[in-house]
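Examination of the molecular architecture
One-letter residues, chain by chain:
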Amino acid sequence: MTTERYSVVAQRGSAVLVLVAALLLLGIVLGAVAHIPLPLTLAAATVIGCWLLIFAVRERASRRPR
């Protein structure tokens, strides 16, 4: 019973670590965006958005049964 409890605590701890890392990365990215020109920010956002859209379409297509 105690080993199961430690396993749950370890899983929650790793989830919190991932959340903290994601928030740190978000802060760094937003800090960088605040210091670059708006057209460059919009261009980067467009590239990232297209990349995510292509990724989503490929993932959806790969999960469909043939």
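Let me sum up the structure you'll find in this document. Please read these numbers as outputs of a predicted model, since none were measured by experiment. (Residues numbered from 1 in each chain as written. Predicted model: local features only at pLDDT ≥ 70, side-chain atom pairs only at ≥ 80, totals over all residues. Heavy atoms only, no water.)

Let us look at the overall build of the protein. Check the secondary structure of the protein and you find two helices and zero strands. Per-residue burial for the protein yields a buried fraction of 2% across its 66 residues. (Helix = DSSP H or I, 4+ residues; strand = E, 2+ residues; numbered from the N terminus. Buried < 20%, exposed > 50% of the residue type's maximum accessible area, 1.4 Å probe, protein only.)

According to the stated counting rule, one finds one salt bridge in the structure shown. For the salt bridge of Glu 59 with Arg 63, the shortest nitrogen-to-oxygen distance reads 3.4 Å. Linking Glu 59 with Arg 63, this pair stays in helix H2 (residues 38-63), spanning four residues, or about one helical turn. Residue Arg 63 is classed as exposed on the basis of its relative accessible area of 67%. (Salt bridge = Lys/Arg side-chain N within 4 Å of Asp/Glu carboxyl O.)

A separate point is a nonpolar patch on the surface. Where nonpolar side chains cluster on the molecular surface, the patch consists of Leu 25, Val 29, Val 33, Ile 36 and Leu 40 and spans about 400 Å² of accessible area. When residues of the nonpolar patch are assigned to their parent elements, the largest contribution, three residues, is made by helix H1 (residues 2-33). Tracing the backbone shows Val 33 in helix H1. (Patch = residues over 30% accessible without salt bridge, like charges linked within 9 Å, V, L, I, M, F, W, Y side chains within 5 Å. Areas by Shrake-Rupley, 256 points an atom, 1.4 Å probe, with all protein chains shown as cover.)

To continue, consider the side chain of Thr 41. Relative to the helices and strands, Thr 41 is located in helix H2. On the basis of relative accessibility, which here comes to 16%, the residue Thr 41 falls in the buried class. In contact with Thr 41, not counting residues within four places along its chain, are Val 33 and Ile 36. (Contact = heavy atoms within 4.5 Å.)

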